[in-house]
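Listed here are the chains, written in short residue letters.
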Amino acid sequence: MIKKGIDVKILSGKDKNKTGEVIEIDRTNNRVKIKGANIIKKHVKTTKDKKGGIFEKENFIHVSNISILKKEKKKETVKQK
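Residues numbered from 1 in each chain as written. Predicted model: local features only at pLDDT ≥ 70, side-chain atom pairs only at ≥ 80, totals over all residues. Heavy atoms only, no water.

We now examine the environment of Lys41. Positionally, Lys41 belongs in strand E4 (residues 39-44). Put simply, Lys41 and Gly5 are 36 residues apart on the chain and 24 Å apart in space, counted from C-alpha to C-alpha. Contacts of Lys41, omitting those with residues within four sequence positions, involve Ile54, Phe55 and Glu56. (Helix = DSSP H or I, 4+ residues; strand = E, 2+ residues; numbered from the N terminus. Contact = heavy atoms within 4.5 Å.)

If you want it as structure tokens, here you go:
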């Protein structure tokens, strides 16, 4: 199950083999946003309130193109003599 905050690896696309953290999930379209992956440039027009320009942001990636990285928990072993 994919949850916000877990680490994933990208399996296909321009960011193949990159890893990152899930920052947003769109469950209706089966898509996720991954921190630092699939960066796009967004052109924003200037308004009275906000300054315009070209901004970079993450875009969604389909769930089938990622895999969850399992965090291995280290078990402490006690050596008996």
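Now that the structure has been shown, the text picks up again.
Buried together is how nonpolar side chains tend to be arranged in soluble globular proteins. Of all hydrophobic cores here, the largest spans 9 residues; its members are Ile2, Val8, Ile10, Val22, Val32, Ile34, Ala37, Ile61 and Ile66. Where this core is concerned, the elements lending two or more residues are strand E1 (7-10) and strand E3 (31-34). Contacts of Val22, omitting those with residues within four sequence positions, involve Ile2, Lys3, Lys4, Gly5, Ile6, Val8, Val32 and Lys33. (Core = buried A, V, L, I, M, F, W, Y, C linked by side-chain atoms within 4.5 Å. Buried < 20%, exposed > 50% of the residue type's maximum accessible area, 1.4 Å probe, protein only.)

A word on the sheet that holds strand E2 (residues 19-26). The strands that make up a sheet pair up through hydrogen bonds in the backbone, lying either parallel or antiparallel. Pairing is antiparallel in the open sheet, where 5 strands are placed in the order E6-E3-E2-E1-E7. The open sheet has two edge strands with one neighbour each: strand E6 (60-62) and strand E7 (66-68). Taken pair by pair, the neighbouring strands of this sheet meet at an average axis angle of 50°, ignoring direction. Direction of pairing for E2 relative to E3: antiparallel, over a ladder of 4 bridges. For Glu24, the partnering residue across the bridge sits in E3 and is Lys33. (Pairing = 2+ DSSP bridges. Axes fitted to C-alpha atoms, helices over the stretch in contact; angles between N-to-C directions.)

Our next topic: the pattern of salt bridges. Enumeration over the complete set of coordinates arrives at 3 salt bridges. For Glu56, the salt bridge is made with Lys41, and the minimal N-O distance between the two is 3.8 Å. Residue Glu56 is found in strand E5 (residues 53-58), and its partner Lys41 is found in strand E4; the two are separated by 15 residues along the sequence. Like Lys41, Glu56 is exposed. (Salt bridge = Lys/Arg side-chain N within 4 Å of Asp/Glu carboxyl O.)

Attention now moves to the pairing of E3. On any regular strand, side chains alternate: one points to one face of the sheet, the next to the other face. A loop of 4 residues connects E2 with E3, the two strands running antiparallel in sequence, and Asn30 in this loop sits at a positive phi of about 55°. The sheet contact formed by E3 and E6 spans 3 bridges and is antiparallel. Following the sheet pairing, Val32 is matched in E6 by Ile61.

With that settled, the discussion passes to the pairing of E2. Taken together, the 3 bridges between E1 and E2 define a ladder with antiparallel strand orientation. Of the residues in E2, the one forming a bridge with Val8 is Gly20.

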